[in-house]
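Structure at a glance
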Amino acid sequence: MIFLSGCSGSSNAPPEVEVQGTVTFDGEPLPQGSIVFDPVDGKGGSSAGGIENGQFVFHSQFGNKKVLISASRDTGKKDQYDEPITESYIPANYNTNTELTAEVKADGENKYEFVLKSK
């Protein structure tokens, strides 16, 4: 599983907590993808993590977040260099035009379930 996080190595960095949860797409665990928590108010850093078999775990700063979920899959076609061509298949209302939100709390469990559907 790949984990990405905002800068947290500095002693002046805002505190972060663990966030975890599940992502399903059309009733099935999302095989692989990425998830980003961006501050709703635009203040502070973004946090991100990988999704494997519908599960994610990473660290995020507190506050209200807009959630962006992305994934791509092989189309079965190859490009001019004989490399596989992939396509993004998660609808825009879950990423570029996200409607998903999450409140990350300073204390307590930050566990989320995102149920995505194709259009």
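Just so we're clear, the structure is a prediction, and the values are computed from it rather than from any experiment. Within any chain, residue numbers begin from 1 and follow the written order of that chain's sequence. Confidence filtering applies because this is a predicted model: local features only for residues at pLDDT of at least 70, side-chain atom pairs given and counted only at 80 or more, and all residues used for totals across whole chains, interfaces and linings. With hydrogens and water excluded, all non-hydrogen atoms of the structure serve as input to the side-chain values.

1. Notes on the overall build of the protein
- Numbering goes from the N terminus for both helices and strands, where a helix is a DSSP run of H or I of at least four residues and a strand is a run of E of at least two. When helices and strands are tallied, the protein shows zero helices and eleven strands.
- Listing each helix as α and each strand as β along the protein from the N terminus yields β-β-β-β-β-β-β-β-β-β-β.
- Oriented by its inertia axes, the alpha-carbon framework of the protein measures out at about 50 × 30 × 25 Å.
- Exposure categories follow from relative accessible area, calculated using a 1.4 Å probe and restricted to protein chains: below 20% of the type maximum is buried, above 50% is exposed, and the middle band is partly exposed. Looking at the protein as a whole, 33% of its 119 residues qualify as buried.

2. With respect to the environment of Gly 49
- Relative to the assigned elements, Gly 49 resides in strand S5 (residues 47–52).
- The exposure class assigned to Gly 49 is buried, which follows from its relative accessible area of 3%.
- Considering only alpha carbons, one finds Gly 49 and Val 36, 13 residues apart in sequence, at a separation of 6.6 Å.

3. Remarks on the confidence of the model for the protein
- Per-residue confidence for the protein gives a mean pLDDT of 90, with 91% of residues at or over 70.
- Between residues 1–10, whose pLDDT stays under 50, and residues either more than four places distant or in other chains, the model counts 20 contacts. You can read pLDDT as the predictor saying how much it trusts each residue, on a scale of 0 to 100. Residue contacts are defined here by distance: any two heavy atoms, one from each residue, within 4.5 Å place the two residues in contact.

4. Overview of unusual backbone geometry
- A positive phi angle, near 50°, is found at Asp 26, a position not held by glycine.
- Summarising the element assignment, Asp 26 is placed in the loop between strand S2 (16–25) and strand S3 (28–29).
- Even without a glycine there, the phi angle at Asn 53 is positive, about 50°.
- Relative to the assigned elements, Asn 53 resides in the loop between S5 and strand S6 (55–61).

5. Some remarks on the pattern of salt bridges
- Any carboxyl oxygen of Asp or Glu within 4 Å of a side-chain nitrogen of Lys or Arg constitutes a salt bridge here. Tallied over the entire structure, the rule returns one salt bridge.
- Where Glu 87 meets Arg 73, a salt bridge forms, and the shortest distance between an N and an O atom there is 3.1 Å. Here Glu 87, found in strand S9 (residues 84–88), pairs with Arg 73, found in strand S8 (residues 72–78); they are 14 residues apart in sequence, far enough to count as distant.
- On the basis of relative accessible area, Glu 87 is assigned to the partly exposed category, the value being 35%.

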